[in-house]
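Descriptive structure summary
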Amino acid sequence: MQVIQVAYDFVAGMQTEILVFLIAVGFHNLIFGKHRIAGAGSPRKPAKGASSPKAAKPARIPNQAHTSFARSVAAGTTPESDLQAFQTEIIKQLPTIAAGQEVEALEVLMAGLARSGGAELPRAVREVLHAEGLQSSVRLTEQLMRCCLRHRLSADVLELLSSTKVVSPEALAGAALLAERSGDVALAKEVMAKLPPTPTPEVAGPLLRLAQSKDLGFNALALYDRHFDGVDLSQDVQAQHAVAAAALQAGRGDVVAKLVACPEAGVSALVRSFAAEGDFEAARNVFKACPTKTSSLYNALLSVAVDCRDLAAAVELKGEAVVAGLADVVTYNTIIKAHLQTGALGRAREVLRELRAAGLEPNCVTFNELIDATAKKSLRDMWELINDMQSCGLKPNQVTCSIVLKSIQTCSRPEDVEKAMAVVEQAGDAMDEVLLSSLCEACIRGRRSDVLARVLQQQRSSRGIAVKGAHTYGSLIRAHGSLGDLEGAWEAWKEMKTRRIAPTCITLGCMVEAVANNGNPEAGYRLIREALAEASTRPLVNAVIYCSVLKAFSHNKCFDRVWKIHEEMRELKLQYSIVTYNALIDACARSCEMKRITPLLEEMANEKIEPNVITYSTVLKGYCQENRLDRAFEVLADMKKSKDFSPDEVTYNTLLDGCARFGMFDRGMDVFKDMEEAGVKPSNFTVSVLVKLANRSKRPAEAFELAEQVARKYNFRPNMHVYNNLMNCCTARGQQARALEVFEQMLDERNRPDSRTYKILLQCCVQNGEKEQAAGLLRAATGLAPRYGRFSASVLQPKALALELYRELRAVPGLSLDPKSPMRWASGGLELLLML
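Residues numbered from 1 in each chain as written. Predicted model: local features only at pLDDT ≥ 70, side-chain atom pairs only at ≥ 80, totals over all residues. Heavy atoms only, no water.

1. Section: the overall build of the chain
- Of regular secondary structure, the chain possesses 48 helices and two strands.
- For the chain, the residues scored as buried account for 47% of the 836 residues in total.
- Considering only residue pairs separated by 6 or more positions, the chain has 65% of its internal contacts joining residues 24 or more positions apart.
- Of the roughly 42,800 Å² of accessible surface on the chain, 52% is carried by carbon and sulfur atoms. (Helix = DSSP H or I, 4+ residues; strand = E, 2+ residues; numbered from the N terminus. Buried < 20%, exposed > 50% of the residue type's maximum accessible area, 1.4 Å probe, protein only. Contact = heavy atoms within 4.5 Å. Areas by Shrake-Rupley, 256 points an atom, 1.4 Å probe, with all protein chains shown as cover.)

2. Remarks on the pattern of salt bridges
- As enumerated under the stated definition, the model contains 36 salt bridges in all.
- The partner of Glu354 in a salt bridge is Lys318, with the nearest N and O atoms 2.6 Å apart. Note that Glu354 is positioned in helix 20 (residues 345-357) and Lys318 in helix 18 (residues 311-323), a separation of 36 residues in sequence.
- Owing to a relative accessible area of 28%, Glu354 belongs among the partly exposed residues under this scheme.
- Looking at Lys318, the relative accessible area reads 13%, which means it is buried.
- Where Lys621 meets Asp586, a salt bridge forms, and the shortest distance between an N and an O atom there is 2.6 Å. Note that Lys621 is positioned in helix 35 (residues 613-625) and Asp586 in helix 33 (residues 578-591), a separation of 35 residues in sequence. (Salt bridge = Lys/Arg side-chain N within 4 Å of Asp/Glu carboxyl O.)

3. Details of unusual backbone geometry
- Positive phi is not limited to glycine here, since Lys573 has a value of about 60°.
- As for its position among the elements, Lys573 is in the loop between helix 32 (559-571) and helix 33.
- The class for Lys573 is exposed, based on a relative accessible area of 75%.

4. Considerations on the packing of helix 8 (residues 154-162) against helix 9 (residues 169-182)
- Packing of helix 8 against helix 9 leaves a shortest axis separation of 10 Å and a crossing angle of 140°. Judged on the interaxial angle alone, helix 9 and helix 8 are oblique. In this structure, helix 8 crosses over helix 9, and the sense of that crossing is left-handed. Seen from helix 8, the contacting residues are Ser154, Val157 and Leu161; seen from helix 9, they are Leu172, Ala175, Leu178 and Ser182.
- A class-by-class count of the residues in the contact of helix 8 with helix 9 yields five nonpolar, two polar and no charged. (Axes fitted to C-alpha atoms, helices over the stretch in contact; angles between N-to-C directions. Parallel < 35°, antiparallel > 145°, perpendicular 65-115°, else oblique. Left-handed = near helix turned anticlockwise from the far one by under 90°. Nonpolar A, V, L, I, M, F, W, Y, C, P; charged D, E, K, R; others polar.)

5. As for the packing of aromatic side chains
- Counted by the stated rule, this structure contains four aromatic pairs.
- Seen from their ring centres, Tyr576 and Tyr581 are 5.2 Å apart, and the 65° between their planes marks the pair as edge-to-face. The pair formed by Tyr576 and Tyr581 is uniform in burial state, with each residue classed as buried.
- Ring centres of Tyr616 and Phe645 lie 5.2 Å apart, and the angle between their planes is 50°; this geometry places the pair in the tilted category. Of the two residues, Tyr616 sits in helix 35 while Phe645 sits in the loop between helix 36 (629-641) and helix 37 (649-661), which places them 29 residues apart along the sequence.
- For Tyr616, a relative accessible area of 28% translates into the label partly exposed.
- Of the residues examined, Phe645 reaches a relative accessible area of 15% and is grouped as buried.
- A cation over an aromatic ring shows up here: Arg561 above the ring of Tyr525, its NZ or CZ 5.2 Å from the ring centre.
- Across from the ring centre of Phe704, 3.8 Å away, lies the NZ or CZ of Arg738, which sits over that ring. (Phe/Tyr/Trp six-rings, centres within 6.5 Å; stacked < 30°, edge-to-face > 60°. Lys NZ or Arg CZ within 6 Å of the ring centre and 35° of its normal.)

6. Quick look at the side chain of Thr651
- By the element assignment, Thr651 lies in helix 37.
- Those residues in contact with Thr651, other than ones at most four positions away along the chain, are Val613, Ser617, Leu620, Leu636 and Met639.

7. Quick word on the side chain of Glu626
- Here Glu626 is to be found in the loop between helix 35 and helix 36.
- Within the local environment of Glu626, its side chain forms a polar contact with the side chain of Arg628, the two groups lying 2.8 Å apart. (Polar contact = N/O pair within 3.5 Å; in protein donor to acceptor, adjacent residues only side chain to side chain.)

8. Quick word on the environment of Ile614
- Relative to the helices and strands, Ile614 resides in helix 35.
- Judged by its relative accessible area of 47%, Ile614 falls in the partly exposed class.
- For the pair formed by Ile614 and Val650, sequence separation is 36 residues and the distance between their alpha carbons is 8.2 Å.

9. Here's the deal with the packing of helix 29 (residues 505-517) against helix 31 (residues 543-555)
- Packing of helix 29 against helix 31 brings their axes to within 8 Å, and their N-to-C directions diverge by 10°. By the angle between their directions, the pair helix 29 and helix 31 is classed as roughly parallel. The segment helix 29 lies against helix 31, with Cys505, Leu508, Gly509, Val512, Glu513, Ala516 and Asn517 engaging Ile545, Ser548, Val549 and Ala552.

10. A look at helix 7 (residues 138-150)
- When the terminal C-alpha atoms of helix 7 are compared, their 18 Å separation across 13 residues agrees well with the 18 Å that a helix rising 1.5 Å per residue should span.
- Every buried residue of helix 7 is listed here: Leu140, Thr141, Glu142, Gln143, Leu144, Met145, Cys147, Cys148 and Leu149. (Expected span 1.5 Å × (residues − 1).)

11. Some words on the confidence of the model for the chain
- On average, residues of the chain score 81 in pLDDT, and 79% of them are at 70 or above.
- pLDDT under 50 marks residues 1-8. Its contacts with residues more than four places away, or in other chains, come to zero contacts.
- Note on residues 30-76: pLDDT under 50 across the span, and 47 contacts to partners over four residues away in sequence or across chains. (pLDDT = per-residue confidence, 0-100.)

12. Description of the environment of Pro718
- Its location among the elements puts Pro718 in the loop between helix 40 (700-713) and helix 41 (720-731).
- Pro718 has contacts with Asn684, Ala711, Tyr723 and Asn751, leaving out every residue within four places of it along the chain.

13. Structural notes on helix 43 (residues 755-767)
- Along its 13 residues, helix 43 runs 18 Å from first to last C-alpha, staying within 8% of the 18 Å computed at 1.5 Å per residue.
- Those residues of helix 43 that sit buried are Thr757, Tyr758, Ile760, Leu761, Cys764 and Cys765. One side of helix 43 carries all its buried residues, which in axial view fall inside an arc of 160°. Opposite its buried face, helix 43 presents the exposed residues Lys759, Val766 and Gln767, each directed more than 90 degrees away.
- Between the side-chain oxygen of the N-cap and the backbone nitrogen of Arg756 there are 3.2 Å, and the N-cap of helix 43 in question is Asp754.
- Immediately downstream of helix 43, the backbone of Gly769 shows phi near 75°, a positive value. (Arc of directions from axis to C-beta.)

14. Comments concerning the nonpolar core
- If you look at the biggest cluster of nonpolar residues, it comprises 231 residues, and the most contacted ones within it are Leu207, Leu208, Phe228, Tyr546, Leu726 and Phe743.
- Broken down by element, this core gets its largest block of residues, eight residues, from helix 17 (residues 295-307). (Core = buried A, V, L, I, M, F, W, Y, C linked by side-chain atoms within 4.5 Å.)

Here's what the structure looks like:
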């Protein structure tokens, strides 16, 4: 046995060399004919009794290209360009190769090129056969047909098929499949003419499927009766469907009975196949023809009813399955899906209770369907479902985590964000590339830089998952950018390129945005120019990517760069969108160059891009910043006259802020009244502006009244920004005690302070000479004190203050900071910062 194993290993290791040898022998026969190779110096002697050979043609010297080609084909390393050049040369030499060699030479040639040759080769070989008056052999015809099938040359396959009497099952199946894909009726009929007594399913399937869509002179049922009655079609659902549909129309129950006599999995698939056509009755008739009903068959028909939006039929079927004792978890899951389609969330939850009452245990699919539907209506109900899921001993999976993370938005409550992160942690090993991307995006939306920093640190450690997709790299780059961690963003970008993962326009856009938004728009612009310089990445550059750089230059007040880049984008003939124009108009507003807006609006009109509510709101903001409130109100009036859109919350908030800048309380309240009458619901941002309006108008009492009344009327709790403006209203009048009361009220409402909160309070304490009070606040902010009053340090530490301080310190000349500091500070708090 050991000797056999050694011999086997030797042969396995020599596969490439053996293949090269066999191809070389083939080319030797092609060139020298079928003569035996005699030893060196040994004359060739004719066999005894044989006649003397005629003068043979001089043997041709082997072409070096043949030998090289044989080696490269065997090793699988032939470049496409070399293969094409070699084929072109071979086609030129075909008449010479075929002359005097008969068909065998062409057989050897096609054996080497049938799987790799181009579409020109089989046609050239057939022309040579005709010119030399040679009759193609069965083997050569098969090779030619294989090459034609590979290139889908249906006309050539038809001609080859009609000219031969013997066709292998493989070639016939290939011709049938080509006839179906190309819709070639003539080729299909030729295949039928060459059918053997016992056709294979590989031949029957394509012809039956084609008969359903093309007129072959008879339908799929007639074709089945004539040729394929005994063929096993259980592995070809589409072919079964074609026959069953025709049989049901013709009332041929006997044919349907034959089709459902196959294994149960095949019958279930046949029942489900009618869902695409919305034909529930046909699916029901196939179901009825089944001699034995099973849970799988009931569930298959139930899924068709759900897909056909026939809730009544689905409920009836579920009842039948329960009576028959065949209802399982899948049955209940499917009927839950049916109720969710109609928005009957309460009825779906009733089915969940029925499932448990029947002694069945729900699975993750059961809960995930309900959680997804519930999350869109009520987060509170969603958390109840997740608790029920866990009480059943079910662990959240990847789908559960994705649904929960998708529910996190910028306006989400802190406790909802905490619960979502807890669900992800409970999932444990469920983390994969898609979930990692979702987690990063959710942390960015929910502004949880602390959680995001931990996620990124783990990803960069040995415990990180392998990333293989450009989309995930885009999320990672965006996450690093949101933390101000440019080193991490560059590391992810370079890692992606090292692994030869081609970036998408989204990935490139994330990288440009990360660099530009972190104070270096010039570096973002260089990335764009580098992408334009390479042929592979040039098509990725679009106006959206340029827009990140435009916005960054605008925010940095580099307005000359904005307009130069705008000219460059025009030279590149990039397709602008409303987003691009809104960014340019925003630059006009920020730079107080409203005169530039008119030409931009004319460009939009020429390109048939209609202004939207953001466009008008941005123009309105520009007039407010230029202290031209009358023009701003004119823009509001124009928006009200528009039939395409109406002023939104941003529009009204912008105008309210303009009134607040000048202390125009009455006019600002008129705007707020107009906002309510228009049905535009105010938000916390609106309330914060109203407080600012009252403060600037020297009406502190109205500030507190507005904050309380609006929040109560529209059923939301004031956020950090509202409380900050209320504290500012107090400190502006030296009311330190009341400001601290507002601060404690904010903490009671579970609103974490930010850097502005402490800045307002500390300035007031310093101005009033309250050194001890100021020191206590500072200790609370930095986490040096375990508590402040009745509040713990974790509640008191401001959000993202460490990152803000890092950005400020980075701007200090001569101060060197570790590039990894943002990650550590975001995850570890300010105590790390104080250790510098």
